[in-house]
Amino acid sequence: MDHQAPLEFAQRLVALLETGRRVSTYKLATLMAMIDVCVENEVGPEATFAIPISELTHRVIGYYWRQVRPYAEHGILHQSSQKAAIPAFIAHTRPILQAKKLHTPEAAREVGDPDYFSLVNKVQRKLIHNPLTYLQTPNAKSFTGTTDFIFDSSAFSNKMTSAELDAIGWMIVLKPGVAHAMRELAGLIRPVIEIMWTDDVVRWNRHELETDDLAGFLFGSDRSSLAVVGPHLRDLQNNRCFYCDTKLPKTLHIDHVIPFSKVPLDGIANYVAADARCNLDKSATLPIREHTDRALARDKTDLASISEHTRVPVLLTRTQKASAGIYNGLPPGVPLWVGRGSYSPFGA
Ligand SMILES: [Zn+2]
């Protein structure tokens with residue numbers, strides 16, 4: 001079977017998203033979720049790849065989880081030109097889970113919380129009926145011809161039944177080359193989608209929104225998880241900066257070893273304690289693999305014990321898979337962060 005080359009795929013994807021006006025951010029959230037799953041899985045350049053719809057659902061919830069917080073004096077932001085059910089479901093469940101000290105969807109998923117799984121069921125149903133059925137159709141009044149280039153959506157409809165879902169195993173199957181293209185080009189596609197998403201939110205909220213602050217609010221990491229793990233990581237690292245090994249100052253920074261902008265992993269396996277100088281200098285740059293490997297090689301029982309105290313999940317497997325996916329997809333010569341002011345080309 002013919003497979004799609006990464007650049008061709010990306011061009012088609014961006015063209016799809018630029019055609020017509022979106023009425024909600026669902027398509028964008030679903031695509032981000034797909035890209036994240038692809039980054040965490042190494043799939044051959046010509047292979048198909050099956051993704052359980054439930055997995056996409058968990059990740060879509062992850063994206064909206066932070067976004068349904070009130071945004072300063074503006075309150076909860078609109079994610080649609082009309083009423084948007086998915087963010088409303090999440091906004092309803094979020095405080096219920098927080099009352100149980102489950103601060104992230106990953107934490108709720110790990111403990112198998114029933115309120116969280118009832119949310120997953122509701123969101124999954126919406127995802128199937130709306131963004132998955134229409135994901136590959138341009139937002140146009142009339143468009144003829146075959147549009148499926150991401151996955152075969154012929155079985156999907158906005159009235160799809162459980163029996164029909166059973167028949168396809170509750171999965172979507174990415175077409176040959178798509179998973180590989182998404183992984184290879186994640187670094188280019190993700191920022192484009194983030195910009196589109198931010199613009200949509202500005203359009204649907206009749207406020208003066210500062211897009212710089214807004215993008216940080218919509219796509220930044222979960223500050224509450226960072227705050228609670230700080231003292232534990234300081235102990236684990238004997239009060240030393242993970243990167244430069246100098247004594248940690250009173251105010252420490254929690255660094256995402258694999259930058260959050262590359263893949264949104266808010267788990268202890270991806271956190272280290274650093275001083276402000278290292279953390280700010282590293283910023284959104286991918287570090288050399290040695291740093292990431294060192295973070296992933298930390299004692300599993302130590303990480304589990306921090307997780308037990310803080311209820312922040314470890315996410316070791318996901319972080320390992322994301323690390324493999326990201327580094328193995330890098331072309332030689334990409335500058336990687338070594339230490340303050342120091343970079344080294346990948347593959348050197
Ligand atoms: Zn340092």
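In the annotation of an unreviewed UniProt entry, the protein chain is listed under the name HNH endonuclease and assigned to Hoyosella rhizosphaerae.

Visitor: I'm lost on the pairing of strand β2 (residues 171-174) in this one. Help?
Guide: Every other side chain in a regular strand lies on the same face of the sheet, so the side chains alternate between the two faces. What you see with β2 is a clean split: Ile172 and Leu174 sit on the buried side and Met171 and Val173 on the side with no burial. Pairing of strand β1 (residues 49-52) with β2, which is carried by four bridges, proceeds in the antiparallel orientation. Looking at β2, one finds that Ala50 is bridged to Val173.

Visitor: Would you mind going over the environment of Phe89 with me for this structure?
Guide: If you trace the backbone, Phe89 turns up in helix α4 (residues 85-99). Along the backbone, Phe89 and Val68 are 21 residues apart, and their C-alpha atoms lie at a distance of 9.8 Å. Apart from the residues lying within four places of it in its own chain, the contact partners of Phe89 are Leu119, Lys122, Val123 and Lys126.

Visitor: Before we go on, may I ask you to explain empty space enclosed by the protein in this structure?
Guide: Using a probe with the size of a water molecule, rolled over the atoms, empty space left in the structure can be pinpointed. Under the defined criterion, the tally for this structure stands at three cavities of 30 Å³ or more. A volume near 230 Å³ is recorded for the largest cavity. Lining of the largest cavity is provided by 19 residues; of these, Gly62, Arg66, Glu106, Pro264 and Arg318 occupy positions nearest its centre. Elements represented by at least two residues in the lining of the largest cavity include exactly α3 (53-67) and α5 (105-110). With six residues, the single largest contributor to the lining of the largest cavity is α3. Here the lining of the largest cavity is composed, by residue class, of seven nonpolar, four polar and eight charged. Looking at which domains feed residues into the lining of the largest cavity, each of domain 1 (6-219) and domain 2 (223-345) supplies at least three.

Visitor: Would you mind showing me how to read the environment of Leu119 here?
Guide: Structurally, the position occupied by Leu119 is in helix α6 (residues 114-134). Looking at Leu119, the relative accessible area reads 0%, which means it is buried. If near-sequence neighbours (up to four positions away) are discounted, Leu119 is found in contact with Ile61, Phe89, Ile90 and Thr93.

About the criteria used
- All chains use their own residue numbering, which begins from 1 and follows the written sequence.
- Given that the model is predicted, a residue must reach a pLDDT of at least 70 before its local features are reported, and side-chain atom pairs must reach 80 or more before they are shown or counted; all residues, however, enter totals for whole chains, interfaces and linings.
- Side-chain measures were taken over the full set of non-hydrogen atoms in the model, leaving aside hydrogen atoms and water.
- Note on exposure labels: buried denotes an accessible area under 20% of the residue type's maximum, exposed denotes more than 50%, and partly exposed covers the range between, all computed with a 1.4 Å probe on protein chains only.
- Secondary structure elements follow DSSP: runs of H or I of four or more residues count as helices, runs of E of two or more count as strands, with numbering from the N terminus.
- In short, DSSP must find at least two bridges between two strands for them to pair.
- For this analysis, residues touch if any pair of their heavy atoms sits within 4.5 Å.
- Of the two site types, the cavity is a set of points on a 1 Å grid over the protein atoms alone where a 1.4 Å probe fits but cannot get out, and the pocket is an open set with protein on both sides within 12 Å along at least five of seven lines, each lined by residues with an atom within 4 Å of a point.
- Grid points are joined across faces, edges and corners, and a volume is the space filled by probe spheres set on the points.
- Under the scheme applied here, ten amino acids are nonpolar (Ala, Val, Leu, Ile, Met, Phe, Trp, Tyr, Cys and Pro), four are charged (Asp, Glu, Lys and Arg), and all others, including Gly, are polar.
- Domain start and stop points were drawn from an automatic or database domain assignment.

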